[in-house]
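Listed below are the residues making up each chain.
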Amino acid sequence: MKTVRERILEYIRSHRAVTVAELSLAFQMTTANARHHLSTLLDQGLLQVVADRPASGKGRPARIFAISEQTLGDNFDLLAGILLDQFAKQTEPDQFENLLKELAGQLEGRMVAAKKGTGVLVKTGESLTRRLGRTTEILNQQHYQARWEARPDAPRLVLGHCPFSAILQEHPELCKLDAYLIEHLAATPVEQTAKLARDPAGLRFCMFRVGKDRV
């Protein structure tokens, strides 16, 4: 059986937008309960406030709630998959490899620019430890759930989430894109040692061995 909030989301999807008063009437609940449910769904990122409806009298404007853009989804994964297919068909293997490297460089530039106060990413003589710390911080701003671990032979960078997972099965080359991206960010060669493996809790992860410094 569906919960009240699941039914509220279905109602808003079918009606596109709703106010507290409208939801209260539709679900035969108090305005306080309706407001509570909408506020909770808003805090969870499932709803967004799209406008304020002016009050007919002296009251406050009524907030209008709609399904959030994040919840509605998009076709970016579909588009990205098609573009990768076209690039692969129209380029030689070595050219496609170079394209992935160029894309990784562009991703690095945009990620660094998005991180305020980063400045120059890698400083001459900077320790690998500091570089890995900053690399994980930047990756986590892009939803990678990254962390790094010290190992006797070489550090490991662990990614708890793959932002490309929706199309990774059809485009495994995106693992190379991540590897090149990490190399750019950390300024050191990396080698992937695990791909969508499972940890003891059953959660998937990818792992990269961070190699010898190159700066």
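Computed from a predicted model, the values in this text were never measured in an experiment. (Residues numbered from 1 in each chain as written. Predicted model: local features only at pLDDT ≥ 70, side-chain atom pairs only at ≥ 80, totals over all residues. Heavy atoms only, no water.)

**Q** Explain a nonpolar patch on the surface to me, and be specific about the residues and the numbers.
**A** Together, Leu79, Leu83 and Phe87 make up an exposed nonpolar region whose accessible area comes to about 260 Å². Judged by its relative accessible area of 46%, Leu79 falls in the partly exposed class. (Patch = residues over 30% accessible without salt bridge, like charges linked within 9 Å, V, L, I, M, F, W, Y side chains within 5 Å. Areas by Shrake-Rupley, 256 points an atom, 1.4 Å probe, with all protein chains shown as cover. Salt bridge = Lys/Arg side-chain N within 4 Å of Asp/Glu carboxyl O. Buried < 20%, exposed > 50% of the residue type's maximum accessible area, 1.4 Å probe, protein only.)

**Q** Account for the layout of surface pockets, with residues named and values stated.
**A** Taken as a whole, the largest pocket holds about 940 Å³ of empty space. As for the largest pocket, its lining consists of 25 residues, and the residues nearest its centre are Ala80, Leu107, Pro163, Phe164 and Leu177. Elements supplying a minimum of two residues to the lining of the largest pocket: helix H4 (69–72), helix H5 (76–90), helix H6 (93–114) and helix H9 (174–186). Per element, the largest residue contribution to the lining of the largest pocket is seven residues, and it comes from H5. The residue makeup of the lining of the largest pocket, split by class, is 15 nonpolar, six polar and four charged. One number sums up the size of the second largest pocket: a volume of about 260 Å³. Around the second largest pocket, the lining residues are Thr19, Val20, Ala21, Thr31, Arg35, Leu38, Ser39, Arg60, Pro61, Ala62, Arg63 and Phe65. (1 Å grid on protein atoms, 1.4 Å probe; cavity = no way out; pocket = protein on both sides within 12 Å on 5 of 7 lines; lining within 4 Å. Points joined across faces, edges and corners; volume = space filled by probe spheres on them. Helix = DSSP H or I, 4+ residues; strand = E, 2+ residues; numbered from the N terminus. Nonpolar A, V, L, I, M, F, W, Y, C, P; charged D, E, K, R; others polar.)

**Q** Can you lay out the pairing of strand S6 (residues 204–210) for me, pointing to particular residues and giving the numbers?
**A** For S6, the buried fraction is high: five of the seven residues fall into the buried class. Bridge count between strand S4 (residues 156–159) and S6: four bridges; the pairing is antiparallel. Note that in S6 the partner of Val158 across the bridge is Met207. As paired elements, strand S5 (residues 190–198) and S6 share six bridges and run antiparallel to each other. Across the sheet, Glu191 pairs through a bridge with Arg209, a residue of S6. Where S5 hands over to S6, the hairpin turn is made up of five residues, of which Gly202 adopts a positive phi near 90 degrees. (Pairing = 2+ DSSP bridges.)

**Q** Go over the sheet that holds S6 with me, naming the residues and quoting the values.
**A** Sheet architecture is open: four strands sit in the order S3-S4-S6-S5, paired in antiparallel fashion. In this open sheet, the two edge strands, each paired with only one partner strand, are strand S3 (146–149) and S5. Ignoring strand direction, the axes of neighbouring strands in this sheet form an average angle of 20 degrees. Sheet analysis places S3 next to S4, joined by four bridges and oriented antiparallel. Bridge pairing in S4 places Trp148 opposite Leu157. Each of S3, S4 and S6 touches helix H7 (residues 128–141); the most contacted strand, S3, lies at about 160 degrees to it. (Axes fitted to C-alpha atoms, helices over the stretch in contact; angles between N-to-C directions. Contact = heavy atoms within 4.5 Å.)

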